[in-house]
2 protein chains.
Amino acid sequence: MTDGPSFEDLTARARIRDAALRLFADKGFVATTVRDIAQAAGVSPALLRHHYGSKDALRQACDDYVLATLRRVSEQVTADHQMANPVVSQSARGAVSRFQLYVTRALLDGSATAATLFDQSVKVTELWLAREDANRAAAPSTDARTRAALIIAMKLGIPLLHEHISRAIGVGVFEPEGDRRVVRALLDIFSHPLIDPELAAATEAGFAEPVDRPAGSPPRGGSPP
Amino acid sequence: MTDGPSFEDLTARARIRDAALRLFADKGFVATTVRDIAQAAGVSPALLRHHYGSKDALRQACDDYVLATLRRVSEQVTADHQMANPVVSQSARGAVSRFQLYVTRALLDGSATAATLFDQSVKVTELWLAREDANRAAAPSTDARTRAALIIAMKLGIPLLHEHISRAIGVGVFEPEGDRRVVRALLDIFSHPLIDPELAAATEAGFAEPVDRPAGSPPRGGSPP
DNA sequence: TCGGGCGCTGTTCGCTTGTATAGTGTGCTG
DNA sequence: CAGCACACTATACAAGCGAACAGCGCCCGA
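Values in this document were obtained by computation on a predicted structure and should not be read as measured data.

Reading the values: the criteria
Residues numbered from 1 in each chain as written. Chains lettered and ligands numbered in written order. Predicted model: local features only at pLDDT ≥ 70, side-chain atom pairs only at ≥ 80, totals over all residues. Heavy atoms only, no water. Least-squares fit on C-alpha atoms with pLDDT ≥ 70 in both. Contact = heavy atoms within 4.5 Å. Near = heavy atom within 4 Å. Polar contact = N/O pair within 3.5 Å; in protein donor to acceptor, adjacent residues only side chain to side chain. Helix = DSSP H or I, 4+ residues; strand = E, 2+ residues; numbered from the N terminus. Nonpolar A, V, L, I, M, F, W, Y, C, P; charged D, E, K, R; others polar. Salt bridge = Lys/Arg side-chain N within 4 Å of Asp/Glu carboxyl O.

Peer 1: Would you mind showing me how to read the relation of the copies chain B and chain A here?
Peer 2: The second copy of the chain is related to the first by a rotation about an axis and a shift along the axis. Placing chain B over chain A gives an RMSD of 0.1 Å and needs a rotation angle of 180°, together with 0.0 Å of translation along the axis. As the rotation angle and translation indicate, the two copies are arranged about a two-fold axis. Comparing contact sets, 99% of the residues at the interface of chain B also lie at the interface in chain A, consistent with an isologous, same-surface contact.

Peer 1: Is there a simple way to think about the protein's contact with DNA strand D in this case?
Peer 2: The immediate surroundings of DNA strand D are formed by 15 residues, with A:Val34, A:Arg35, A:Arg49, A:Lys55 and B:Ser44 found nearest. The share of sugar and phosphate among atoms of DNA strand D within 4 Å of the protein is 65%. Note that a phosphate oxygen of DNA strand D is positioned 3.5 Å from one of the backbone N or O atoms of A:Thr32. Here B:Ser44 contributes a backbone N or O atom positioned 2.8 Å from a phosphate oxygen of DNA strand D. Contributing elements (two or more residues each) for the surface near DNA strand D: α2 (34–41) and α3 (45–52) of chain A together with α3 (45–52) of chain B. Looking at the surface near DNA strand D, the element that brings in the most residues is α3(B), giving 4 residues. Looking at the surface near DNA strand D, its residues break down into 6 nonpolar, 6 polar and 3 charged.

Peer 1: Is there a simple way to explain the interface of chain B and chain A in this structure?
Peer 2: Quite often, the size of an interface is put as the accessible area lost when its parts meet. Counting residues at the interface gives 91 residues for chain B and 90 residues for chain A. Remark: the boundary between chain B and chain A carries 8 salt bridges. Residue B:Arg181 is joined to A:Asp143 by a salt bridge in which the shortest nitrogen-to-oxygen separation is 3.7 Å. At the junction of chain B and chain A, the tally comes to 18 residue pairs in polar contact (both at pLDDT 80 or more). Mapped onto the side of chain B that touches chain A, the elements with two or more residues apiece are α4 (55–79), α5 (86–108), α6 (112–133), α7 (144–160), α8 (162–169), α9 (176–191) and α10 (197–205) of chain B. The class makeup of the residues in the side of chain B that touches chain A is 51 nonpolar, 20 polar and 20 charged.

Dropping the structure here:
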């Protein structure tokens, strides 16, 4: 968790940034006040302005910091790609998970940096899908890009709604036990088809006429009482 | 879209509620001011207080309205269950999609009503999964509840991030063309395993030691630059 | 030793927020 | 027509917001 690269980082400026990262991720940008951040960082509210200029500039600094860290981690991972360095992958995993809540929340708060990260994730996944499609018996009837965007969006739905998932399964998804349950469930979900392929084909064939429905319901998953 | 049951609903009180529903869904609760709602509804800000008492009470009224509407729609659907009434199912689909953005956003804003809807959706999906598990060759190694919670969370990730999905695929997911693309892609995703079952089993076996990772990455979907 | 930069704070200023109060018109009922 | 209830508005107010300014102490080089 605290395996970050910068250790001598207990300066007030860094504490402010870390507090902002946590509060922005938890409550969102607008619901977080500079006084909240200052108190969490143990400094005066005026110090935020002294170091970062404004609340928006602080948010941009957080975005830049997250982006730079993720980029550095990514370079390390690709560098030791097939060296299978367990230390690197472990710390990389920690860094990614540490910023996941922040980035996903930033997506809803209109952060341009987060949007760029989203687009890049979609692109990576699209390439992966295109590679995987070659191994399929029948060529998919949909474009890889839409599938990639949906996969990323659905994946990010997990950290976005982590609080509700934790309540539903009775254990925090960030605790070891909850994390194990989540990983196992995801492996099961994505290695076994939820919908019968024939039924899917039939359903797809029935969609000649356009209907306004934003998201399909995988099983029959409605939100009825 | 505007197939709602209450038509004589152009009263100012209803306009305020509708404007609040839209703005809360778009910008979130805290980022929406009572003056915003009043302007969108074409009334004075003081009228919000007159009709609803306070901003929080207005939010509760919106929650209640959504809950009541969804419940009524659900009853209609279950009543004409195998009658296959196309009109009912069509309007039901519209009503659900109309409130989807509001409910999902309310989940992030800490609405108790939305949390209850989430839990109920999980329960319904859990029962559906348990029924489906009977047809599987090998019994799943994970509990249905965790899988259900993740499926619901991932499904809700789509409306939550609809803006970014639309940008990624180049067409709005609420337009007919975007909706068709989304439905087709979802059918493909959930009818074809993304992960090879053997690989999944191997990965799962390797998870003896607990590592702190909130969400697994389906393909290799990272967020690198 | 001393002087100046710098990290940091106390206090204050507009401004916007949600809320409160007084008041106006309008239509319905007797 | 009288009166009155009710939808609705204009204005005001206290609180909290982000932002600004002036100043304090401490370290560090000359």
